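Overview (structure and organization)
Read off the chains here:
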Amino acid sequence: MQLSGTDPTDDDNQFNLAVGILEALARKGNTQAHETLCGYVRDGTRWIDALTTLACCWPAEWWDDLWETAATRIRPEGAAEVLPNSEPWLRWRGRDPRIDSVLNAAQRSRKDAQDRRVDLSTTSDAELIALLRAPDTGRAVKVTALHQIRRRARPVPELLDAVEQLAAERQAGLFGALRVLGPQVLPAARGWAADTEHPLFDAAAHLLAEHGEEQDIPSILAALDRLTDERCGHDRLTEGLARVLTGSPSASQADLRATLIRRLRRLTIASPHSFERSSYLRSLLLLDPDKTSDVLPSYLLDCEPDVRLLAAQHAPLTDQTQRWLLTLRDDPIEEASVRQAAAARLNGH
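Below you will find a few notes about this structure. (Residues numbered from 1 in each chain as written. Predicted model: local features only at pLDDT ≥ 70, side-chain atom pairs only at ≥ 80, totals over all residues. Heavy atoms only, no water.)

What to know about the overall build of the protein
Cut-off, in case you're wondering: Secondary structure elements are taken from DSSP: a helix is a run of H or I of four residues or more, a strand is a run of E of two residues or more, and numbering for both begins at the N terminus. Two residues qualify as a contact provided that any one of their heavy atoms is within 4.5 Å of a heavy atom in the partner residue. Reported accessibility uses the Shrake-Rupley method at a 1.4 Å probe radius. Residues are deemed covered only where the shown protein chains occlude them. Asp and Glu count as negative and Lys and Arg as positive, but His and the ends of the chain are not part of the count. A charged residue contributes its charge at one atom only: NZ of Lys, CZ of Arg, CG of Asp or CD of Glu.
Tallying secondary structure elements over the protein gives 21 helices and zero strands in all. Over its C-alpha atoms, taken along the principal directions, the protein stretches across nearly 70 × 65 × 40 Å. Contacts spanning at least 24 positions in sequence make up 58% of the contacts within the protein whose residues lie at least 6 apart. When the accessible surface of the protein is split by element, carbon and sulfur atoms take 50% of a total near 18,600 Å². Here the protein contributes 42 positive and 52 negative side-chain charges, whose respective centroids are spaced 2 Å apart.

What follows is the structure in structure tokens.
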């Protein structure tokens, strides 16, 4: 079985996928799925992760009797995995000293971490830049400063004055802050994209894909060519290239458009990362809307909610499409955005 066979150190979403499917089946009335997950809490390796999901998604009466199992299994070293202010721990506090002891340890650990965290939420943009440029500012504080710039989502052009220093330091969080600059980053990004030794060489192509113009097509194509042997990671680059080509539909770009369309169709089918599929389909809707729309009905059954949402919004309204839209609209475990899009199409919006 996929759930019991997952490696506790594995980060490839196999465990989360298995738990997600089983808990959803249980909510639909599948008794075996319910019993399987409760049994995993009793003897599975990642039982705290599974329990957290059940407490979040199921009615309390479905998992409340597992508190005795938790009291038996919980250990002080598991405090890092426990969220003391979330279910089921809020409900179970006070029932058993073994649970309370771990919850208290988890709360102390989180308080210590908060006390060590620097609060830059009220710091001005100029002060953030000064922190980033100061030689004695630690890496963690710089991460927090860059996070604030990204979170505020307003351009801070002065960041470019510090970017070379930050890039040389391989500072985490820099790319996200640079994205906020929008088109203002283009002149610098074009320089980085032309210098294979620059620390931001690879990031530059993604910035050009997000904000660039027709003159940036060669740099974006070069970055895609570097991914020739990779079956994933093309999404941001192809989406940017599709955007640029749609904005400048010149006859000279016809061959490139045709090549990109073929590449996107192949990636839509062959990419091992299904979450990238919505990006490829969005690009195809820009470049080849008629043929892409014709195949969208089948994507109403896709495993990715973003893909189902796109299909619900754009699939031609055939009789079969309408039947599938009805299913999506009335499915209690479907994403709310997908249900709403299905309802809107059925109502003629």
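Additional details are given in the paragraphs that follow.
A few points about unusual backbone geometry
For clarity, the threshold we go by: Categorising residues by exposure relies on relative accessible area from a 1.4 Å probe, with only protein chains included: less than 20% of the type maximum marks a residue as buried, more than 50% marks it as exposed, and the intermediate range marks it as partly exposed.
Note that the residue after glutamate 87, namely proline 88, is joined by a cis bond; omega there is 10°. Residue position: proline 88 is located in the loop between α5 (67–73) and α6 (89–92). Notably, alanine 153 is not glycine yet its phi reads approximately 60°, a positive angle. If you trace the backbone, alanine 153 turns up in the loop between α9 (139–152) and α10 (159–168). Positive phi outside glycine occurs at arginine 170, with the angle close to 55°. By relative accessible area, arginine 170 is classed as exposed at 57%.

So, the packing of helix α12 (residues 186–193) against helix α13 (residues 201–211)
Basically, it comes down to this: To obtain an axis, a line is fitted to C-alpha atoms, over the contacting stretch when the element is a helix, and the angle between two such axes runs from 0 to 180 degrees between their N-to-C directions. Any angle from 65 to 115 degrees is called roughly perpendicular, while one under 35 is roughly parallel, one over 145 is roughly antiparallel, and all others are oblique. Working rule for handedness: look at the near helix, and if it is turned counterclockwise from the far one by less than a right angle, call the crossing left-handed; if clockwise, right-handed. Note on residue classes: Ala, Val, Leu, Ile, Met, Phe, Trp, Tyr, Cys and Pro are nonpolar, Asp, Glu, Lys and Arg are charged, and everything else, Gly too, is polar.
For the pair α12 and α13, interaxial distance at closest approach is 8 Å and the crossing angle is 140°. Looking at the two axes, α12 sits oblique to α13. In the crossing of α12 with α13, the sense of the turn from one axis to the other is left-handed. Along the contact surface, α12 presents Leu186, Ala189, Arg190, Trp192 and Ala193, while α13 presents Phe201, Ala204, Leu207, Leu208 and His211. Its residues assigned to classes, the contact of α12 with α13 comprises eight nonpolar, one polar and one charged.

Section: helix α14 (residues 217–225)
Turn by turn, an α-helix covers 3.6 residues, leaving residues three or four places apart pointing in a common direction. Applied cut-off: In this description, one arc is meant: the one made by directions from the helix axis to the C-beta atoms.
Residues of α14 that are buried include every one of Ile217, Ile220, Ala223 and Leu224, and no others. In a view along the axis of α14, the buried residues occupy a sector of 130°, so they form one face of it. In this structure, the buried residues of α14 make contact with α13, α15 (235–247) and α16 (254–270).

Notes on the nonpolar core
Under the convention used in this document: Among buried residues, those of type Ala, Val, Leu, Ile, Met, Phe, Trp, Tyr and Cys that are joined through side-chain atoms within 4.5 Å constitute a nonpolar core.
Judged by nonpolar contacts, the single largest core of 47 residues is most densely connected at Leu132, Leu159, Leu174, Leu178, Trp192, Leu200 and Leu237. Ranked by residues supplied to this core, first place goes to α13 with six residues. Those residues in contact with leucine 200 that lie beyond four places of it in its chain are Val163, Ala167, Leu174, Leu178 and Trp192.

Points about the packing of α15 against α16
Packing of α15 against α16 brings their axes to within 11 Å, and their N-to-C directions diverge by 145°. Crossing of α15 over α16 shows left-handed handedness. Together, Thr238, Leu241, Ala242, Leu245 and Thr246 of α15 and Leu256, Arg257, Leu260, Leu264 and Leu267 of α16 make up the contact between the two elements. Looking at the contact of α15 with α16 residue by residue, the classes come out as seven nonpolar, two polar and one charged.

Quick word on the pattern of salt bridges
Quick reminder of the rule: Each reported salt bridge corresponds to a side-chain nitrogen of Lys or Arg within 4 Å of a carboxyl oxygen of Asp or Glu.
The final tally for this structure, using the stated rule, is 18 salt bridges. For aspartate 49, the salt bridge identified is with arginine 46, shortest N-O distance 3.1 Å. In this structure aspartate 49 comes out as partly exposed when scored by relative accessible area, which is 29%. Here the salt bridges share partners, and the residues they tie into one network are Asp64, Arg91 and Arg95.

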